[in-house]
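# Reading the structure
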Amino acid sequence: MFKPEGIYVAMLTPFNEDGTVNEEELKCMIEFQLQNGADGFFPNSSVGEFVHMSLEQRKNLNKVVAEYVGDRAAVIAGISASSAEQSLELGRHAEENTSCDAVISCTPYFYDVSQEIVERHFEVLEENLDLPLILY
């Protein structure tokens with residue numbers, strides 16, 4: 001079972017002026033953080049502006065980070081979304097197309113939701129994904 005230990009970086013997302021992810025700067029950031037003791041990475045974190053990115057951009061970000069980090073550190077793919085359906089799409093992509101060690105999700109955002117909806121959101125993710133799920 002995956003057990004996160006040590007320092008995990010909630011990653012910023014560097015962008016080019018045209019709004020695309022600046023992958024070269026992203027790799028420089030990862031190298032800097034690895035050289036300074038990072039044990040894991042969390043792309044698509046809340047400080048990474050994921051709410052302003054398309055699902056395809058977010059999938060690609062998880063993939064690029066996982067591929068670049070390789071076996072040098074753990075990667076926990078951010079799959080937070082305003083619906084369980086979108087979170088599942090991101091989670092399935094992480095399972096099928098990356099070497100991520102786990103996924104992480106916050107509660108559905110934007111709309112005010114009940115405790116029951118929050119619980120069901122996480123149950124749906126847990127029931128349908130094979131990667132370990134971390135609640136954010």
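The following refers to the structure shown.

The rules behind the values
- Residues numbered from 1 in each chain as written.
- Predicted model: local features only at pLDDT ≥ 70, side-chain atom pairs only at ≥ 80, totals over all residues.
- Heavy atoms only, no water.
- Helix = DSSP H or I, 4+ residues; strand = E, 2+ residues; numbered from the N terminus.
- Axes fitted to C-alpha atoms, helices over the stretch in contact; angles between N-to-C directions.
- Parallel < 35°, antiparallel > 145°, perpendicular 65-115°, else oblique.
- Left-handed = near helix turned anticlockwise from the far one by under 90°.
- Contact = heavy atoms within 4.5 Å.
- Nonpolar A, V, L, I, M, F, W, Y, C, P; charged D, E, K, R; others polar.
- Disulfide = S-S within 2.5 Å.
- Buried < 20%, exposed > 50% of the residue type's maximum accessible area, 1.4 Å probe, protein only.
- Pairing = 2+ DSSP bridges.
- Right-handed = clockwise from strand over helix to strand, strands pointing away.
- Salt bridge = Lys/Arg side-chain N within 4 Å of Asp/Glu carboxyl O.

## Focus on unusual backbone geometry
- We note that N44 has phi near 65 degrees; this positive angle belongs to a residue other than glycine.
- Inspection of the secondary structure assignment puts N44 in the loop between β2 (40–42) and α2 (55–69).

## Considering the packing of helix α1 (residues 23–35) against α2
- Relative orientation of the contacting elements α1 and α2 amounts to 45 degrees, with a least axis distance of 11 Å. What the angle tells us is that α1 and α2 run oblique. Between α1 and α2 lies a crossing whose hand is right-handed. For the pair α1 and α2, contact is made by E23, L26, K27, I30 and E31 and by N60, L61, V64, V65, Y68 and V69, respectively.
- The class makeup of the residues in the contact of α1 with α2 is seven nonpolar, one polar and three charged.

## As for the state of the cysteines
- Per the counting criterion, the structure on display carries zero disulfides.
- As a non-bridged cysteine, C100 has C106 as the owner of its nearest cysteine sulfur, 17 Å distant.
- On the basis of relative accessible area, C100 is assigned to the buried category, the value being 7%.

## Focus: the pairing of strand β4 (residues 102–105)
- Every second residue of β4 is oriented toward a common face, with A102 and I104 on one face and V103 and S105 on the other, all of them buried.
- With three bridges joining them, strand β3 (residues 74–78) and β4 adopt parallel strand pairing. Bridge pairing in β4 places A77 opposite V103.
- This β-α-β element, β3 to helix α3 (residues 84–97) to β4, shows right-handed connectivity.
- Each parallel crossover has a hand, and the one from β4 via helix α4 (residues 115–128) to strand β5 (residues 133–135) is right-handed.

## Observations concerning the packing of α3 against α4
- Packing of α3 against α4 leaves a shortest axis separation of 10 Å and a crossing angle of 30 degrees. In terms of orientation, α3 lies roughly parallel with respect to α4. Between α3 and α4 lies a crossing whose hand is right-handed. Residues A84, S87, L88 and R92 of α3 form the contact with α4, whose participating residues are H121, V124, L125 and N128.
- Each residue belonging to the contact of α3 with α4 can be placed in one class, and the counts come to four nonpolar, three polar and one charged.

## Overview of the pattern of salt bridges
- Applying the stated criterion across every chain yields a total of six salt bridges.
- Two residues, K3 and E5, come together in a salt bridge whose shortest N-O distance is 4.0 Å.
- For K3, a relative accessible area of 61% translates into the label exposed.
- For E5, a relative accessible area of 52% corresponds to the exposed category.
- With its nearest N and O atoms 3.2 Å apart, the salt bridge here joins E127 to R120.
- On the basis of relative accessibility, which here comes to 39%, the residue R120 falls in the partly exposed class.
- Through salt bridges with shared partners, a single network forms among E56, K59 and E89.

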